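Architecture and fold: a report
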Amino acid sequence: MDTATLDELRALRARAYGPSADIDQDPAALRRLRELEARERPGAASDAVALVHTPAVPAEHESAAARTEPAAQAEPSSPRVPASQPNSQPTRHVEGHGESPSGEHLVAEADSTSTSADPAPPKGGLRLRTRLLWVLSVVVAATVAAGVTYAITSMAPVSVSSGAEQIATLEPDTLVDVPAGWFGAGLSSAAYEYYGLTLFEAAGGFSSAGNGTDCFTIVATDQLPADDADTNSWSMNGPIYSGCRVGVFPATVQFAIDSNSPEELRARFPDGSALQFVRDGDRIGVFHSSE
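Calculation criteria
- Residues numbered from 1 in each chain as written.
- Predicted model: local features only at pLDDT ≥ 70, side-chain atom pairs only at ≥ 80, totals over all residues.
- Heavy atoms only, no water.
- Helix = DSSP H or I, 4+ residues; strand = E, 2+ residues; numbered from the N terminus.
- Buried < 20%, exposed > 50% of the residue type's maximum accessible area, 1.4 Å probe, protein only.
- Contact = heavy atoms within 4.5 Å.
- Disulfide = S-S within 2.5 Å.
- Salt bridge = Lys/Arg side-chain N within 4 Å of Asp/Glu carboxyl O.
- Polar contact = N/O pair within 3.5 Å; in protein donor to acceptor, adjacent residues only side chain to side chain.
- Pairing = 2+ DSSP bridges.
- Phe/Tyr/Trp six-rings, centres within 6.5 Å; stacked < 30°, edge-to-face > 60°.
- Core = buried A, V, L, I, M, F, W, Y, C linked by side-chain atoms within 4.5 Å.
- Axes fitted to C-alpha atoms, helices over the stretch in contact; angles between N-to-C directions.

Our next topic: the overall build of the protein. The helix and strand tally for the protein stands at 5 helices and 11 strands. Out of the 291 residues belonging to the protein, those deemed buried represent 24%. At a minimum sequence separation of 6, the contacts of the protein that also span at least 24 residues come to 50%.

In structure tokens, the structure reads:
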């Protein structure tokens, strides 16, 4: 097969198997593609097994030959192949493109297994292959995009629980009196006591509590004002802690035990350890960590 024929075969294959396949709409190009592919296969050149010489028919005998041809076709010269031999196929003769010097035609006996006798693929096959390749490319692109998105947005999980042990649950103490208006306390604010600390409900937005809900404040008990104290000149000497609920996150206060803590609290817990107070409705949970 020469260079021009190979170039033609490549062009036809691009129209048949490329991403813009359209050869199924061009029957002539499809037939040419099958012919060139059959010629390209290694066995196609060795199929011819014999050359049979047939004498030329003189012009004056042409009419007589035409009259006797039907009778010759009615009586085949070769025996029929038995029906019990499914693998047997009739011999096919291919007439050559030229004549010999003696005027005889060259006839090649083609093998019954020649690729030109293979059934042609359906026209819809090429279109189906193109669609399958397109679907596969979309799936691959989506997979790559998902992997890139996961790599960008993924993060290492962080535990929201310290795992500290709960050591107490505080209930409201009606004997504790916190003056209304003192650091956000109300007339009916619930109050609690814990080892020299006083905890009480406070209005949101006061001190460091923020603008949440269910706020509470913690101070040293000895800093509470006396009943007869002047409400216009209240003072505070020592730390004050506040916390509020925000959304689903509960109101929480936490701090370390140090020299500023009440003596009663330092006697109960060593310096450097931490306490956490978490409000849950009317109760407050107490958690301790020595780490």
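Anyway, onward from the coordinates.
Our focus in this paragraph is the state of the cysteines. Following the criterion strictly, the structure yields 1 disulfide and no others. At a sulfur-sulfur separation of 1.8 Å, the disulfide partner of Cys 215 is Cys 244. Torsion about the S-S bond of the Cys 215 and Cys 244 cystine: about 110°, corresponding to right-handed handedness. Note that Cys 215 is positioned in strand β7 (residues 213-220) and Cys 244 in strand β8 (residues 241-245), a separation of 29 residues in sequence.

We now examine the environment of Gln 276. With respect to the helices, strands and loops of the structure, Gln 276 is situated in strand β10 (residues 274-280). Sequence separation between Gln 276 and Phe 287 is 11 residues, and the spatial gap between their C-alpha atoms is 5.0 Å. Every residue in contact with Gln 276, bar those within four places of it in the chain, is listed here: Thr 252, Val 253, Gln 254, Gly 285, Val 286 and Phe 287.

Looking now at the pattern of salt bridges. Scanning all chains against the criterion turns up 11 salt bridges. The partner of Arg 10 in a salt bridge is Asp 7, with the nearest N and O atoms 2.8 Å apart. Of this pair, Arg 10 and Asp 7 both sit in helix α1 (residues 3-17), separated by 3 residues, roughly a single helical turn. One salt bridge connects Arg 283 with Asp 280, and the closest N-O pair in it is separated by 3.7 Å. A residue is classified by how much of its surface remains accessible, and Arg 283, at 41% relative accessible area, is partly exposed. Here the salt bridges share partners, and the residues they tie into one network are Glu 8, Arg 32 and Glu 35.

We now examine the side chain of Thr 217. On the secondary structure map, Thr 217 appears in strand β7. Among the residues examined, Thr 217 registers a relative accessible area of 1% and is labelled buried. Within the structure, the side chain of Thr 217 is placed 3.2 Å from the side chain of Ser 242, a separation counted as a polar contact.

To continue, consider the pairing of strand β9 (residues 252-256). The two faces of β9 differ: Val 253 and Phe 255 on one face are buried, but Thr 252, Gln 254 and Ala 256 on the other face are not. For β9 and β10, the ladder comprises 5 bridges, and the chain directions are antiparallel. Each bridged residue has a counterpart across the sheet, and for Gln 254 the counterpart in β10 is Gln 276.

To continue, consider the packing of aromatic side chains. Throughout the structure, instances matching the rule amount to 8 aromatic pairs. An aromatic cluster of three or more residues is present, and its members are Tyr 194, Tyr 195, Tyr 241, Phe 255, Phe 269 and Phe 277.

Moving on to the nonpolar core. Of all hydrophobic cores here, the largest spans 19 residues; its most connected members are Tyr 194, Leu 199 and Phe 277. Looking at this core, the elements that each hand over two or more residues are β4 (165-170), β5 (191-194), β6 (197-201), β7, β9, β10 and β11 (283-289).

Before going further, it helps to examine the sheet that holds β8. Taken in spatial order, the 4 strands make up an open sheet running β5-β6-β7-β8, and their pairing is antiparallel. Each edge of the sheet is formed by a strand with only one pairing partner; in this case those strands are β5 and β8. Across the sheet, the mean angle from the axis of one strand to that of its neighbour is 20°, orientation sign disregarded. Of the strand pairs in this sheet, β6 and β7 are connected by 5 bridges, and their pairing is antiparallel. For Thr 198, the partnering residue across the bridge sits in β7 and is Val 219.

In short, shape yes, function no, at least from these values alone.
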